[in-house]
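Coordinate inspection notes
Here is what each chain is made of, one letter per residue.
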Amino acid sequence: MSCLRPAPAGPSRLRPSRRLLLGGALAAPGLALTACSAADGSGADAGSLGGLEVNQNWIRTTEFAGEYFADSRGYYAEAGFDEVTLIPGGPSGTSSEAMVLSDSALVGMTPPLAAGSMVAGEEAPLVLLGAKFQRNPFTICSTSASPITTPADLVGRRIGVATGTNEVLFDALLEVNGIDPADVERVTVQFDPQPLINGEVDGQICTLTNEAITVALAGLEVVNLPLAENGLPFVSGAFVTTAANVQERREELKAFLLGTIRGWQDALADPAESARLAYEEYGADLGLDPEKEQRQAEAQNQLVVSEETAANGLFTISEELAATNVELLALAGHVVDQGSFFDPTLLQEVYEENPDLLAS
């Protein structure tokens, strides 16, 4: 198994070709990462699938707790991978879509609006296999000093919007709620919610699991307008790969899903350990706040589970929810074919071949 745990100060014991990527660079001195072997377990023969590259769409916070569990507890190794590389994203990172399209990663994570816009606009051969978050965590975050409690409250307000995916989300929010973009003052910001904390904007696109917590920890009374409850009930943290990978690397993708399901089952059961893995191990060099990571672990667990996952397993997306996502994409001007954009068959096979996962 590739634990990728912090090693004692000194030369890294990882083979150079498999060092954990951190924002495109190696970890800082004293935080080198070392591999360790796992006990034998069920799944494919050890190492039979070679290496696994997974692109995460943000920095190493608790958002990826399930993947940390899957790596550190050997679930990926038991599924057949002999080496694991978790590639972080972030404001300056390469998108998951670009990583899988260039074969730099087998699978990545993304909101459907981001991947769908590339499918519709660039005919990118992207496929979604399932989603970690049954309800997306995006929100218009405001404070009690100038609360935004309904979409209509956006009119005449200054709203902070980071470039990229958040722009797509904000445009879609206005569209589905019939709001003229000219009636809202859009302010370009970074992902950091400091403009909201400073009162430079009235609201800002945040996530319930990250920036909204930062605002609360700053001592402000947070008011949230969750996108999932205001016209945009799309999934998030969707696992994206290419159509070619689905055809040619199906067993690898299924092994990834198997290990990740087991990891997220652990994350749901132990949010405190989810947080610790982030701030003490995988994100140890980021100076993460343990209290914030704990709150994030607890908040995101509420988004991972649903009636659908209780009945059919983690990450599964019902046909109805997939159809809703496709409709929302169309409203945002991105028309995709549901049958080719969402492929539930790999998860279905994983659960059929591993019925114990549904009993966990």
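Residues numbered from 1 in each chain as written. Predicted model: local features only at pLDDT ≥ 70, side-chain atom pairs only at ≥ 80, totals over all residues. Heavy atoms only, no water.

Before going further, it helps to spend a moment on the side chain of Thr 209. Among the secondary structure elements, Thr 209 is positioned in the loop between strand 10 (203-207) and helix 7 (211-217). Looking at Thr 209, the relative accessible area reads 6%, which means it is buried. Those residues in contact with Thr 209 that sit more than four places away from it in its chain are Pro 137, Gln 296, Ala 299, Gln 300 and Leu 303. (Helix = DSSP H or I, 4+ residues; strand = E, 2+ residues; numbered from the N terminus. Buried < 20%, exposed > 50% of the residue type's maximum accessible area, 1.4 Å probe, protein only. Contact = heavy atoms within 4.5 Å.)

Right, let's talk about the confidence of the model for the protein chain for a bit. When pLDDT is averaged along the protein chain, the result is 88, and 87% of the positions lie at 70 or above. Here residues 1-42 is modelled with pLDDT under 50, and outside its nearest four sequence neighbours on either side it reaches 84 contacts, counting other chains as well. (pLDDT = per-residue confidence, 0-100.)

Contact geometry for helix 9 (residues 250-269) and helix 11 (residues 290-304): axes closest at 9 Å, N-to-C directions at 125°. With respect to helix 11, the element helix 9 is oriented oblique. The way helix 9 lies across helix 11 gives a crossing that is left-handed. Note on element contacts: helix 11 touches helix 9 through Gln 300, Asn 301 and Val 304, opposite Trp 264, Ala 267 and Leu 268. Classifying every residue of the contact of helix 9 with helix 11 by side-chain character gives 4 nonpolar, 2 polar and no charged. (Axes fitted to C-alpha atoms, helices over the stretch in contact; angles between N-to-C directions. Parallel < 35°, antiparallel > 145°, perpendicular 65-115°, else oblique. Left-handed = near helix turned anticlockwise from the far one by under 90°. Nonpolar A, V, L, I, M, F, W, Y, C, P; charged D, E, K, R; others polar.)

Moving on, we come to the layout of surface pockets. Put simply, the largest pocket is a space of about 800 Å³. When contributions to the lining of the largest pocket are tallied by element, the ones reaching two or more residues are helix 3 (96-101), strand 5 (107-110), helix 4 (112-122), helix 5 (165-176), strand 9 (185-189), strand 10 and strand 12 (236-242). A per-element tally of the lining of the largest pocket places helix 4 first, with 4 residues. Among the residues forming the lining of the largest pocket, the class breakdown is 16 nonpolar, 21 polar and 3 charged. Of the volumes computed, that of the second largest pocket is approximately 330 Å³. If you trace the second largest pocket, you find 21 residues lining it, with Thr 316, Ile 317, Ser 318, Pro 344 and Gln 348 closest to the centre. At the level of secondary structure, the elements contributing two or more residues to the lining of the second largest pocket comprise strand 6 (126-133), helix 12 (307-312), helix 13 (319-331), helix 14 (338-341) and helix 15 (345-353). Sort the elements by how many residues they give to the lining of the second largest pocket and helix 15 lands first, with 4 residues. Looking at side-chain class alone, the lining of the second largest pocket contains 10 nonpolar, 7 polar and 4 charged residues. (1 Å grid on protein atoms, 1.4 Å probe; cavity = no way out; pocket = protein on both sides within 12 Å on 5 of 7 lines; lining within 4 Å. Points joined across faces, edges and corners; volume = space filled by probe spheres on them.)

Between two packed helices, the angle of one axis relative to the other and the distance separating the axes together describe the packing. One can describe the packing of helix 1 (residues 65-72) onto helix 10 (residues 271-282) by two numbers: an axis separation of 9 Å at closest approach and a directional angle of 75°. Considering the angle they form, helix 1 stands roughly perpendicular to helix 10. Contacts between helix 1 and helix 10 involve Ala 65, Tyr 68, Phe 69, Asp 71 and Ser 72 from the first element and Glu 273, Ser 274, Leu 277, Ala 278 and Tyr 282 from the second. Its residues assigned to classes, the contact of helix 1 with helix 10 comprises 6 nonpolar, 2 polar and 2 charged.

With that settled, consider the pattern of salt bridges. Under the definition given, this model contains 14 salt bridges. For Arg 186, the salt bridge is made with Asp 171, and the minimal N-O distance between the two is 2.6 Å. Here Asp 171 lies in helix 5 and Arg 186 lies in strand 9, a separation of 15 residues in the sequence. The partly exposed category is assigned to Arg 186, whose relative accessible area is 34%. According to the relative accessible area criterion, Asp 171 is partly exposed, its value standing at 39%. Of the charged contacts in the structure, one is a salt bridge between Glu 252 and Arg 249, with a shortest N-O distance of 2.8 Å. For Arg 249, a relative accessible area of 24% translates into the label partly exposed. (Salt bridge = Lys/Arg side-chain N within 4 Å of Asp/Glu carboxyl O.)

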